[in-house]
Amino acid sequence: MLVRPLSGRPLQTPLPKGTVDTQMHMYLPGFPARPGGPDLPAGTLPDATQYRQVMDWLGIDRVIITQGNAHQRDNTNLIACLGAMGPIARGVAAFGRDISEAELDAFSAAGIVGARIMDLPGGAVGLSELEAIDDRAAARGWMIAVQFDGSHILDHEARLKRLKSRWVFDHHGKFFSGATSDGPEIAAVKRLIDGGKCWFKFAGVYESTKGGGPDYADVAAVSRSIAAHAPERIVWGSNWPHNLAKTREDYPDDADLTDIVLGWLPHEAARKLALINNPEELYGLPPFASGVD
């Protein structure tokens, strides 16, 4: 059985107070996987108690909990997780075009501030519903987390440019085909960022790399280029509990991963932006005040 490490060495550069982890999943007992998605993560159930230990280890103060694909469009686990974490947490839900206003009202009351689009195998809501979800999110001032194979970004650029909501391109853009920092795909990302609605998320580098660790040189080059272009539009996520890992050997060291990825930011001011100011703007969070909002 996979047992996730919940503590370890301190980070080489401590995270600033108020740090927001913008990409993680959490699973509580009593919420089975739903048809159409993957199974629940391997090993011990990655719940609120475990994640709070990771927060203490890394120095995370606030968190955005993203709806896991295992639960598809059933957001009851997400709402329970938000209740378990309290006011330091907000959520990003997965829902379709036909969701009722009453359901969205309940989501808002629970702390949900965004919608998830994942146009990859196992995703609950694909790009076919992008504009419809954008309409619903924009009406409430929510953001959208968008994930797809970034090697196809030129095919989607015009649609993404028209989004009314704030949105983030997830998981280093998921550039499965090996986009390069000076290639047309990254130029498109920069154009979208310059349009004023788009952010770029550093999270789950091991899911996007072709070359692998420990330095993830291909994704590092792309991420450094985008961060240098717009440090005010980068956010960071731990991607805990690393759902693709099935064994201890597959499981990344969270301190190593955090140090490596945050090292791609151009300077200390960019680090503070990515960890505090940028997520506050993207997710509509109040300014940090000693862990109480």
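The paragraphs below set out a description of the structure included in this document. Just so we're clear, the structure is a prediction, and the values are computed from it rather than from any experiment. (Residues numbered from 1 in each chain as written. Predicted model: local features only at pLDDT ≥ 70, side-chain atom pairs only at ≥ 80, totals over all residues. Heavy atoms only, no water.)

### Things to note about the pairing of strand β6 (residues 166–169)
This is how it is decided: The pairing criterion for strands is at least two bridges between them, as found by DSSP. Each helix is a run of H or I in the DSSP string that is no shorter than four residues. Each strand is a run of E no shorter than two, and both are numbered from the N terminus. Assignment of crossover handedness uses the view with strands pointing away from the viewer, where a clockwise path from the first strand over the helix to the second indicates a right-handed crossover.
Where strand β5 (residues 143–147) and β6 come together, four bridges link them in parallel fashion. The residue bridging Ala-145 from the neighbouring strand is Val-168, located in β6. Of the crossover connections in this fold, the one passing from β5 over helix α5 (residues 153–161) to the parallel β6 is right-handed. Relative to strand β7 (residues 198–202), β6 runs parallel, the two being bridged by three bridges. The partner of Phe-169 across the bridge, within β7, is Phe-200. Of the crossover connections in this fold, the one passing from β6 over helix α6 (residues 184–194) to the parallel β7 is right-handed.

### Re the layout of surface pockets
In this approach the atoms are scanned with a rolling probe the size of a water molecule, which exposes any empty space left behind. Quick note on the threshold: The distinction between a cavity and a pocket rests on a 1 Å grid over the protein atoms alone: a 1.4 Å probe fits inside a cavity but cannot get out, while a pocket stays open yet meets protein on both sides within 12 Å along at least five of seven lines, and a residue with an atom within 4 Å of a point counts as lining. Grid points are joined across faces, edges and corners, and a volume is the space filled by probe spheres set on the points. Residues are grouped as follows: nonpolar covers Ala, Val, Leu, Ile, Met, Phe, Trp, Tyr, Cys and Pro; charged covers Asp, Glu, Lys and Arg; every other residue, Gly included, is treated as polar.
Of the voids in this model, the largest pocket is the one considered here, and its volume is about 480 Å³. If you trace the largest pocket, you find 25 residues lining it, with Asn-69, Met-118, Glu-207, Asn-243 and Leu-244 closest to the centre. Tallied by class, the residues present in the lining of the largest pocket amount to 10 nonpolar, 10 polar and five charged.

### Some remarks on the packing of aromatic side chains
By convention here, two paired aromatic rings are described through the distance between centres and the angle between planes. The criterion, for reference: For Phe, Tyr and Trp, where Trp contributes only its six-membered ring, two rings pair if their centres lie within 6.5 Å, and the inter-plane angle classes them as stacked under 30 degrees, edge-to-face over 60, or tilted in between. The buried label goes to any residue with under 20% of its type's maximum accessible area, the exposed label to any with over 50%, and the partly exposed label to all in between, with areas taken from a 1.4 Å probe on protein chains only. In our convention, an over-ring charge means Lys NZ or Arg CZ found within 6 Å of a ring centre and within 35 degrees of that ring's normal.
All told, the structure shown has nine aromatic pairs when counted by the stated rule. Here Phe-200 and Phe-202 contribute two aromatic rings whose centre-to-centre distance is 6.2 Å and whose plane-to-plane angle is 90 degrees, an arrangement assigned as edge-to-face. Considered together, Phe-200 and Phe-202 belong to a single accessibility category, that of buried residues. One aromatic cluster in this structure is built from Phe-148, Trp-167, Phe-169, Phe-175, Phe-200, Phe-202 and Trp-264. Looking at Arg-140, its charged tip hangs above the ring of Trp-142, at a distance of 5.9 Å from the centre. The ring centre of Trp-199 lies 4.1 Å from the NZ or CZ of Arg-233, which sits over that ring.

That's the geometry; what it means functionally is another story.
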